[in-house]
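Spelled out, the chains give:
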Amino acid sequence: MFNDDAYFRFGNLIGYRDSFTDTALTNEKLVTLLQQAMRSINLILVCFDDKDRLTYANSKAFEMFNVTSSEELEKEFLAWIDPYSQKLEYSNWCQAHESLEGERVYDIICQKLYTSEHKLRNSIYIIDDCIPSSKNKAGIRYRQMHDPLTGLLNREGFYHVVEEYRKLHKNDTEPHYLIITNIRDFKLVNQMMGDKVGDSILKTSGRIIRSLMYADDIYGRLYADKFAIFVSEKNFDKTMYRNMVALVRSQITSDKHSLRLQAGIYKMNSLSDDVNTMCDKAMIALKSIISEEPVAYTFYDPVMMEKAMMEKTVVTQFDKALKNGEFRIYLQPQMNQREELIGCEALVRWKKDDNTVIPPNAFIPVLEKSNLISRLDVYVWELAAIKLREWRHTEFRDLYISVNISPRDMEFMDVYEVITGLVTKYEIDPTKLHLEITETVIMRNPATVSDLIMRLKEAGFIVEIDDFGSGYSSLNMLKDIKADVVKIDMGFLRKSANEDRSRIILDSVIYMAKRLGMGTVTEGVETMKQLEVLSSMGCDVYQGYLFSKPLPVMDFEKKYCDIYKSVEII
Ligand code: C2E
Ligand code: CA
Ligand code: CA
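Quick caveat: nothing in here was measured; it's all calculated off a predicted structure. (Residues numbered from 1 in each chain as written. Chains lettered and ligands numbered in written order. Predicted model: local features only at pLDDT ≥ 70, side-chain atom pairs only at ≥ 80, totals over all residues. Heavy atoms only, no water.)

Draft legend 1. Structural context of the overall build of the protein chain. Counting its regular elements, the protein chain contains 23 helices and 20 strands. The C-alpha radius of gyration of the protein chain comes to 35 Å, more than 25% above the 25 Å expected for a compact globule of 570 residues. In terms of overall dimensions, the protein chain has C-alpha extents of about 125 × 50 × 45 Å along its principal axes. Going through the 570 residues of the protein chain one by one, you find that 46% of them count as buried. (Helix = DSSP H or I, 4+ residues; strand = E, 2+ residues; numbered from the N terminus. Rg over C-alpha atoms; globule rule 2.2 N^0.38 Å. Buried < 20%, exposed > 50% of the residue type's maximum accessible area, 1.4 Å probe, protein only.)

Below, the structure is given as structure tokens:
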């Protein structure tokens with residue numbers, strides 16, 4: 001199908017049908033007329049036969065490619081012309097061409113002519129030279145579809161070309177892949193090395209992708225460091241991709257920055273998903289990667305979509321839930337060696353309107369990822385502070401409440417200011433508020449965290465290293481971090497083939513903490529046997545299902561008020 005514009009140009013060139021019926025116009029005259037038209041016309045004309053052999057080109061075509069022979073022109077032209085559009089029956093697109101004078105954008109119409117038996121006879125290219133490229137329609141369209149930095153298709157262009165492909169191949173049964181690549185922590189590279197280094201990394205990546213793709217692959221840069229590739233199964237060569245990724249990585253990694261590359265891959269057996277959905281699925285696969293390996297990739301799995309939807313729900317409902325008071329604290333008791341209640345840990349739960357209670361593991365990691373966790377933590381700390389104030393004149397007055405500090409809290413607030421602010425506001429004793437900082441956060445940023453811990457200790461808080469032994473703990477850390485308590489991860493208590501060895505390590509950690517003047521809490525104590533073992537090792541405090549699961553505050557108060565029956569209440 002011609003569009004009006006193309007019909008006008010093409011019609012002008014070959015003469016309208018009326019002209020052929022004009023008795024005054026002999027064939028000879030017509031040929032001369034056409035020859036003149038082709039010479040003088042301001043368009044570039046190139047014609048191929050069904051075997052992709054050049055059959056005609058006007059002088060403008062030779063000028064454009066700066067060649068003199070038909071062989072050269074044929075070679076140059078076929079190397080330049082967009083292979084994807086070339087295959088279409090009729091198409092109109094924009095493409096840039098580098099010449100000695102620089103880059104120019106061309107508006108191209110390709111018309112295929114068929115014999116009456118529907119066999120391809122000719123492909124005619126009508127190319128409009130667009131100068132100045134940024135001002136005219138084709139130039140603007142080219143820019144809308146291309147990324148100026150890498151010269152690849154941009155998001156709009158990529159979406160457009162994949163959708164065109166989909167229309168053309170809708171009955172294909174061959175699988176296809178949509179791959180989105182990501183450079184891990186690219187934002188940091190920009191921040192630390194400057195935008196210029198960032199840009200050059202992207203350009204290099206784009207160049208390598210372009211040089212390694214097959215002619216009919218579709219690829220582009222969606223945004224920032226996200227490149228997208230759409231390929232059919234026959235072109236999906238895993239080894240080639242592995243090499244490509246390795247090559248990109250070797251090119252963009254230097255002694256100053258070591259980058260990690262990741263890819264999310266969506267494999268589809270039909271082309272029923274639109275490009276937007278394909279990209280969403282590849283992105284979901286990409287986001288699910290937790291591996292810290294230099295190069296990592298994951299295939300999309302429908303379970304990921306469910307998880308992503310769940311995460312989305314958490315993020316969208318969070319604000320309202322916080323305002324509605326749907327987040328509650330549950331308290332889990334902590335006992336001393338004489339099995340007396342001395343305090344508790346506040347553990348958050350999300351209690352929805354319909355009374356379903358969601359455990360923290362289902363939403364805390366999502367809130368951490370979406371930078372919302374600090375708002376929840378401040379809320380939980382405040383609930384704990386309010387409870388401590390309430391308890392000041394009750395049988396629970398000597399109990400402490402231990403709260404969790406998320407590794408990400410430090411990025412979003414001045415933890416010291418917020419916590420000391422709460423103590424002042426609710427007039428509570430800071431020693432009654434224990435603060436659990438996980439081992440991993442300390443390891444990531446020892447200097448800053450060490451300073452924060454010192455200041456919190458000076459202000460009277462009890463600081464605990466949470467989950468000790470769960471990550472890649474360094475004993476060296478204990479040398480610099482002067483926390484009050486080591487809270488030992490329950491992983492040590494789980495049954496395993498290496499139980500004897502775990503026990504030796506546990507014993508040594510407790511011994512070492514003691515020698516360093518630190519208290520010890522072990523969490524996850526489930527059996528009397530475990531309690532006895534820990535007790536023989538000298539552990540100070542125990543928390544676990546043996547005593548109680550985390551309880552709603554009212555249930556906790558009900559359960560433990562009996563213990564204090566004999567205690568005189570002030
Ligand atoms: P955590 O701080 O290590 O908390 C201990 C977790 O172990 C709790 O899970 C608790 O219910 C569970 N637990 C206690 N005793 C036993 C036991 O004997 N056996 C077993 N198998 N498990 C036991 P929970 O409440 O589901 O919390 C999970 C994690 O969520 C917490 O681990 C903590 O990292 C996080 N979390 C909970 N509340 C908050 C909060 O207010 N803020 C932040 N940032 N994180 C929180
Ligand atoms: Ca904890
Ligand atoms: Ca813990």
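Draft legend 2. Here's a closer look at the sheet that holds strand β9 (residues 261–268). Here 5 strands make up an open sheet; going across it, the order is β7-β8-β6-β9-β10 and the pairing mixed. Edge positions in the open sheet fall to β7 (218–223) and β10 (295–299), since each of these has one partner strand only. Each adjacent strand pair in this sheet contributes to an overall mean axis angle of 20°, direction not counted. Of the strand pairs in this sheet, strand β6 (residues 176–183) and strand β8 (residues 226–232) are connected by 6 bridges, and their pairing is antiparallel. Across the sheet, the residue bridging to Tyr177 is Val231, located in β8. Lying on the sheet, helix α10 (residues 195–212) is in contact with β6, β7 and β8; it crosses β8 at an angle near 5°. (Pairing = 2+ DSSP bridges. Axes fitted to C-alpha atoms, helices over the stretch in contact; angles between N-to-C directions. Contact = heavy atoms within 4.5 Å.)

Draft legend 3. Geometry of the coordination of the calcium ion (ligand 3). Here the calcium ion (ligand 3) is held by the protein donor atoms Asp466 (OD), Asp467 (OD), Glu523 (OE) and Glu523 (OE), which lie 2.1 to 2.9 Å from it. Look at where the donors of the calcium ion (ligand 3) fall in the sequence and you get D-D-x55-E. Separating the calcium ion (ligand 3) from the calcium ion (ligand 2) is a gap of 3.7 Å, bridged by Asp466, which donates to each. Judged by relative accessible area, Asp466 falls into the buried class, the value being 5%. Taking relative accessible area as the criterion, Asp467 reaches 24% and is therefore assigned partly exposed. (Donors = N, O, S within 2.8 Å, 3.2 Å for Na, K, Ca; no water.)

Draft legend 4. Spatial organisation of the coordination of the calcium ion (ligand 2). Within the protein, the calcium ion (ligand 2) binds to Glu345 (OE), Asn404 (OD1), Glu436 (OE) and Asp466 (OD); these donor distances fall in the range 2.1 to 2.4 Å. Judged by its relative accessible area of 0%, Glu436 is buried.

Draft legend 5. Here's a closer look at the side chain of Asn154. Along the chain, the position of Asn154 falls in the loop between α7 (137–145) and α8 (155–168). The class of Asn154 is buried, set by a relative accessible area of 15%. Of note is the side chain of Asn154, whose polar atom sits 2.7 Å from the backbone oxygen of Gln144. In terms of polar contacts, Asn154 uses its side chain to reach the backbone carbonyl oxygen of His146, at 3.4 Å. In contact with Asn154, not counting residues within four places along its chain, are Arg143, Gln144, Met145, His146, Asp147 and Arg221. (Polar contact = N/O pair within 3.5 Å; in protein donor to acceptor, adjacent residues only side chain to side chain.)

Draft legend 6. The arrangement of the pairing of strand β17 (residues 485–488) in detail. Burial of the side chains of β17 extends over both faces: Val485 and Lys487 are buried on one face and Val486 and Ile488 on the other. As paired strands, strand β16 (residues 462–468) and β17 are joined by 3 bridges and run parallel to one another. Across the sheet, Phe468 pairs through a bridge with Ile488, a residue of β17. Judged from the 4 bridges that link them, β17 and strand β18 (residues 519–523) form a sheet pairing that is parallel. Bridge pairing in β18 places Val486 opposite Thr520.

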